[in-house]
Number of protein chains: 2
Amino acid sequence: MVLAHMWRHRFKGDVFRWTLTRKAILDLLSSTLKHMSAQEIYDTLLKSYPGIGLSTIYRNLDLLSRMGLVNRLNIGEGKSRYEYRSSEEKAHHHLICTNCGKIIDYSDFLDEELDLVGKIEKKLARKYNFIVKDHNIDFCGLCKDCR
Amino acid sequence: MVLAHMWRHRFKGDVFRWTLTRKAILDLLSSTLKHMSAQEIYDTLLKSYPGIGLSTIYRNLDLLSRMGLVNRLNIGEGKSRYEYRSSEEKAHHHLICTNCGKIIDYSDFLDEELDLVGKIEKKLARKYNFIVKDHNIDFCGLCKDCR
DNA sequence: GTTATTAATGAAAATGATTGTCATTATGAT
DNA sequence: ATCATAATGACAATCATTTTCATTAATAAC
Ligand SMILES: [Mn+2]
Ligand SMILES: [Mn+2]
Ligand SMILES: [Zn+2]
Ligand SMILES: [Zn+2]
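A quick note: this is a predicted structure, and the numbers were derived from the prediction, not measured.

Q: How would you sum up the interface of chain B and chain A? Please name residues and give values.
A: Across the boundary between the two partners, chain B contributes 38 residues, which contact 38 residues of chain A. When the two sides are added together, the surface that chain B and chain A hide from each other amounts to roughly 3700 Å², 66% of it contributed by carbon and sulfur. Per-residue buried area on chain B facing chain A is highest for B:F109, B:F130 and B:F139; these three make up 18% of the total on that side. Remark: the boundary between chain B and chain A carries 12 residue pairs in polar contact (both at pLDDT 80 or more). Broken down by secondary-structure element, the contributors of at least two residues to the side of chain B that touches chain A are strand 4 (93-97), strand 5 (103-106), helix 5 (110-128) and strand 6 (131-142) of chain B. The element best represented in the side of chain B that touches chain A is strand 6 of chain B, accounting for 12 residues.

Q: Tell me about the protein's contact with DNA strand D, and please be specific about residues and values.
A: Not every one of the 22 residues close to DNA strand D is listed here, only the nearest: A:Y58, B:T19, B:R22, B:T56 and B:R59. In DNA strand D, the atoms that sit within 4 Å of the protein are 67% sugar and phosphate, with bases accounting for the remainder. Contact between DNA strand D and B:S55: a base nitrogen at 3.4 Å from a side-chain N or O atom of the residue. Going through the elements one at a time, helix 4 (54-66) of chain A together with helix 2 (20-30) and helix 4 (54-66) of chain B are the ones with two or more residues in the surface near DNA strand D. Among the elements that make up the surface near DNA strand D, the one with the highest residue count is helix 4 of chain B (four residues).

The rules behind the values
- Residues numbered from 1 in each chain as written.
- Chains lettered and ligands numbered in written order.
- Predicted model: local features only at pLDDT ≥ 70, side-chain atom pairs only at ≥ 80, totals over all residues.
- Heavy atoms only, no water.
- Contact = heavy atoms within 4.5 Å.
- Buried area = accessible area lost by both parts, 1.4 Å probe.
- Polar contact = N/O pair within 3.5 Å; in protein donor to acceptor, adjacent residues only side chain to side chain.
- Helix = DSSP H or I, 4+ residues; strand = E, 2+ residues; numbered from the N terminus.
- Near = heavy atom within 4 Å.

Laid out in structure tokens, this is it:
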């Protein structure tokens, strides 16, 4: 598979090793639209990988997000959720339903957003001497089922 | 004090009562630029209010944020931080230093932002049938001390 | 392929933030 | 002043996440 090659390549020559668990997590996250918690990822993988440990899931989600292969997100539930970070796709943002917790990805208006974001970043760099690495935009409200 | 009048008015006629701890939390948060954790608020208030309880702080921060007098924010530290939500002031966003954790408020570009955000909200309502109540925009990066 | 090095793992304990329980106290209405 | 009950503080419980440590597995050298 083409993705697996790319992942493996990211580990090549590094101190980190390419392991079954790392592949399993990336396989799972890259094949779902869900934004899964560590526990959900664990529960899912346990079916195909009996004996896998929850702490290993945590350790690897941390590593993969530091490597930029996975995004960690935080919608104020008291726990993190994770999603695969495609290298090709443009970044996307989130619609979060405050009633049922549903998370909808959206990437509409990205051109205008990127334009504005670029301008803001320049201004922030000048005014606050701050180097922007990344940004988050999300909208909270009520989804079609909860409105 | 004028703020205390307003706060008290928000409690009038409600099932909720106006208590010393609630005033103490609002006094503290409305007089600082910091974004404080529950523990930090507790540690600070303990000096002037001996015998106050940490769980009371948590309960009240929850109530005050549900009432809209306080914002709860989450910058991926594994705990929430709180700030006073002024009714007059326009909303602001955050610059978050990923190295030292510093949080800088900014409200530059708000007009352009609001404009774009308004357009996005309309589109989202149409496309996803989603009612937007609020939005968050924050930038992560390195502050002037950490760059 | 065998061996050696050491990163990665699973189990269990530890931690840290937050929430729940319950007897006591304080607020606001009468 | 009295009453009904919301709010409180102490402490236990819960939940997500991290740490510890003995064992296993991935990689590089032979
Ligand atoms: Mn997403
Ligand atoms: Mn702020
Ligand atoms: Zn919903
Ligand atoms: Zn910094």
